[in-house]
Amino acid sequence: LERGDAAELLRLIDCNFDLRRQMFGDAVLGGDNLAMVALARSVGCAAKFTGSGGAALVFCPQGQPQAETLRALAEPKGLVLVDAHVAPATAVRLPPA
């Protein structure tokens, strides 16, 4: 994030999901969750679960137009996209715990 390397962030997000899928298998992850990630990837976004499934973090490297394309495909399937923004480098940083 600090280097602004979107391609590497995309790769790492996808790698995280792929490792989880290898470890637990499709039956455990569930068809709806797999479809959610596949939909995001189908438009060039990276996606991973935020926790146990049911929600995903999606990174759209091409920005808002890509997010709107994904939203148009997701909403008819009952999926809701919520915009999230990473704080700028000038944001106050908390000391490590």
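Residues numbered from 1 in each chain as written. Predicted model: local features only at pLDDT ≥ 70, side-chain atom pairs only at ≥ 80, totals over all residues. Heavy atoms only, no water.

1. Overview of a nonpolar patch on the surface
A cluster of nonpolar residues, Met23, Phe24 and Val28, forms a patch on the protein surface that exposes about 350 Å² of accessible area. If you trace the backbone, Val28 turns up in helix α2 (residues 26–29). Judged by its relative accessible area of 60%, Val28 falls in the exposed class. (Patch = residues over 30% accessible without salt bridge, like charges linked within 9 Å, V, L, I, M, F, W, Y side chains within 5 Å. Areas by Shrake-Rupley, 256 points an atom, 1.4 Å probe, with all protein chains shown as cover. Salt bridge = Lys/Arg side-chain N within 4 Å of Asp/Glu carboxyl O. Helix = DSSP H or I, 4+ residues; strand = E, 2+ residues; numbered from the N terminus. Buried < 20%, exposed > 50% of the residue type's maximum accessible area, 1.4 Å probe, protein only.)

2. Concerning the confidence of the model for the chain
Chain-level statistics for the chain give a pLDDT mean of 88 and a share of 91% at 70 or above. Highest mean pLDDT in the chain belongs to helix α4 (residues 64–74) (95); lowest belongs to strand β2 (residues 56–59) (90). (pLDDT = per-residue confidence, 0-100.)

3. Here's the deal with helix α1 (residues 6–24)
Over its 19 residues, α1 runs 27 Å from end to end, which matches the ideal 27 Å to within 8%, given 1.5 Å per residue. Along α1, the residues that are buried comprise Ile13, Asp14 and Phe17. The buried residues of α1 occupy an angular sector of 90° when projected down its axis, which confines them to one face. Turned more than 90 degrees away from the buried face of α1, the exposed residues are Ala7, Gln22 and Met23. Gly25 sits one or two residues past α1 and shows a positive phi near 85°. (Expected span 1.5 Å × (residues − 1). Arc of directions from axis to C-beta.)

4. Overview of the side chain of Gln66
When you line up the elements, Gln66 lands in helix α4. For Gln66, the side chain forms a polar contact with the main-chain oxygen of Val43, separated by 2.7 Å. Residue contacts for Gln66: discarding those within four places in its chain leaves Val43, Gly44, Cys45, Cys60 and Pro61. (Polar contact = N/O pair within 3.5 Å; in protein donor to acceptor, adjacent residues only side chain to side chain. Contact = heavy atoms within 4.5 Å.)

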